[in-house]
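# A look at the structure
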Protein chains: 2
Amino acid sequence: MTTIQDIADKLGISKSTVSKALNDAPDISETLRKQVLETAVALDYTKLRRYKKTKKRLCILIEKENIEYEEPHHFAYDIVMGFRQLAEPAGFYVEIVPVDVKLQKNTPYDVFMLEHDYVGSFVLGFSLNDTWLDDFKNSHTPAVLFDNYVTGNPYTAYVGIDNDEGMELVLKHLTNLGHRKIAYLSGSLGSYVLQRRHAAFLSAMHRHGHKTTAKNTGCSYCLSECIEKHLPKFLKAGMTAIICSHDTIANASIIQCQQLGYKVPEDISIIGFDDLPLAEYTLPPLTTIKQDRVELGKSGFYALSSLLNNIPISTFLLHAKLIERKSTYNVYIEKKSNAL
Amino acid sequence: MTTIQDIADKLGISKSTVSKALNDAPDISETLRKQVLETAVALDYTKLRRYKKTKKRLCILIEKENIEYEEPHHFAYDIVMGFRQLAEPAGFYVEIVPVDVKLQKNTPYDVFMLEHDYVGSFVLGFSLNDTWLDDFKNSHTPAVLFDNYVTGNPYTAYVGIDNDEGMELVLKHLTNLGHRKIAYLSGSLGSYVLQRRHAAFLSAMHRHGHKTTAKNTGCSYCLSECIEKHLPKFLKAGMTAIICSHDTIANASIIQCQQLGYKVPEDISIIGFDDLPLAEYTLPPLTTIKQDRVELGKSGFYALSSLLNNIPISTFLLHAKLIERKSTYNVYIEKKSNAL
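The name that an unreviewed UniProt entry assigns to chain A is LacI family transcriptional regulator, with the source organism given as Lachnoanaerobaculum umeaense.

What follows is the structure, encoded as structure tokens:
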């Protein structure tokens, strides 16, 4: 096992200097402190130091740009709460760490974790171009990624809902209502979870015997492009239902359809994903796939404690659930009443 | 909450008769006992009775025809051990229950569980045509299915290794060794896990820019058909590597190739899946994807305890791991030495 002496030998400095650097002594320069930490990580010193603590420290790393967590109506609020609900009674100390691009560029993930003496992290809101998402490919400190997936690193796990199941529930629901012309409107595929949902849509459509072409799929980084370009295209092509990659797009789509003179759901059914608090208050209230955020937070802790117990979990998915509200329509009824 | 009175009222019998039936009293006929149990299940009485016990009972249900567990070299032995290693210290009583077709046909899963007072099950070796696999679609007693998946029931979870990751590791390994003509030889697609592996092969090949046709894929229920029909087809089509859906097929393929005059790995590389004890002893020793069976057993318990804690987990996958032995060959080296 790596000792302080090993780090000292590697850097050609004294043991006491290494110890001071690891303990943030004020007479050690920032440059030297960083060098010591990076060497410690390179020599796999991460574990040794930690076993000395009685209460182990976990952190929830939150990408500030992409996800909000401070207020009860914010997406990540309940996720954070669910995680703490299990982690704290289990004897862990949990800290929330907002993360930005600068921190990720300046400090490798493993070094950051050692520096702050965290034994594991729950990672929220990272997109595919975040620097640490590259770090996670080879990191050694357990990390559970919400809605992100890394291949081949036994120290990382992916937590989220079962998007394939969610899409299957949506397709079954729409098929039972008589819909055959179904479109998918998605935000940017630069996020892992939207890639998953897109793939889930394609394979669910295939399973149900529907075709997918450029006519009934559209995705865009800009919400305005989604509703001004793709949505009218779907309507023109005679689609009777639109599945949206998340509730925000679904909400905007309802409004846009109504502005274009289409009734929701009588002329066009719209379904979301996520079940944000907003979904109950759209007009009509939105049928959507629920991600239970408290349970996702708890799952984050379950997955992290598996990793900490050396069970190399790769994927931990929660069951998806269809919440039926008022934004989908039974085409059979419509046909019947038209015939009368 | 349902009471014994509710069951009595429903059946028009006395409370004491219900109680006797639930407690296997000898003066109750088998027909009546079954009727009481089925009514209890229909009224969702499952939970009430169980909370009276101090030590909760779990079972490991094993389909006798498909999987062996009694001896250390049997596939399921370590899975069972891993499960017990976590479940028993956590205060559960664990029983192993061999299951056959007859039991499944005569007794619905929920009724069986109530009858024996089990709060949850870990299910091994079931194939897609097992009757209880239908029961699991609507069952209410937590069940964790090893290598089986059910859509839309929050009381069931799927545990296994990450087959997509495994296939990606295999494709990366073969691509790095210079292979471009790669085939996939599979057992019957009547099992869920082999369907998953097959789909994982197709998408990994697609990601790596390789085509998949009838020329480089083959599957069959009979091992003999695999190695007498598909294998020669692959060799004739100039394949340089064959991925097998499991180690047993890989072992048979090595022997068959050698009998047909091909050297393994110099003429043809062969890769397995599972890392059975056998894999170390094939000639040459088999490169394969490891399923750590002790960890799978532990994952089974993790997933089951999540379900018992009302975390509706759908999928719990372990990281796959490539075990490099001697059955794959570097095509670049071969080309170089041919050129000399």
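### Describing the relation of the copies chain A and chain B
Each copy superposes on the other: chain A lies on chain B with an RMSD of 0.1 Å after a rotation of 180 degrees and an axial shift of 0.0 Å. Given the turn and translation reported, the copies of this chain are related as if by a two-fold rotation axis. In terms of proximity to the rotation axis, the leading residue of chain A is phenylalanine 316 of chain A, whose C-alpha is 2.3 Å off the axis.

### Details of the domain arrangement of chain A
Residue and element names in this part refer to chain A. What the domain assignment reports for chain A is domain 1 (4–161 + 296–318) and domain 2 (163–291 + 322–339). Computed over C-alpha atoms, the centres of domain 1 and domain 2 are 37 Å apart. Opposite the 12 residues of domain 1 that make contact, domain 2 presents 16 residues. Of all residues in domain 1, Leu128, Asp147 and Ile161 give up the largest surface area on contact with domain 2, accounting jointly for 52% of the area buried on that side. Applying the counting rule to domain 1 against domain 2 returns 0 salt bridges. Along the contact surface separating domain 1 from domain 2 lie 1 residue pair in polar contact (both at pLDDT 80 or more). Class assignment of the residues belonging to the side of domain 1 that touches domain 2 gives a composition of 9 nonpolar, 2 polar and 1 charged.

### Things to note about the side chain of histidine 230 of chain B
Note on placement: histidine 230 of chain B falls in helix H11 (residues 223–236). Discounting residues that sit within four places of it in the chain, histidine 230 of chain B has contacts with Leu185, Gly218, Cys219, Ser220 and Glu225 of chain B.

The rules behind the values
Residues numbered from 1 in each chain as written. Chains lettered and ligands numbered in written order. Predicted model: local features only at pLDDT ≥ 70, side-chain atom pairs only at ≥ 80, totals over all residues. Heavy atoms only, no water. Least-squares fit on C-alpha atoms with pLDDT ≥ 70 in both. Domains from an automatic or database assignment. Contact = heavy atoms within 4.5 Å. Buried area = accessible area lost by both parts, 1.4 Å probe. Salt bridge = Lys/Arg side-chain N within 4 Å of Asp/Glu carboxyl O. Polar contact = N/O pair within 3.5 Å; in protein donor to acceptor, adjacent residues only side chain to side chain. Nonpolar A, V, L, I, M, F, W, Y, C, P; charged D, E, K, R; others polar. Helix = DSSP H or I, 4+ residues; strand = E, 2+ residues; numbered from the N terminus.

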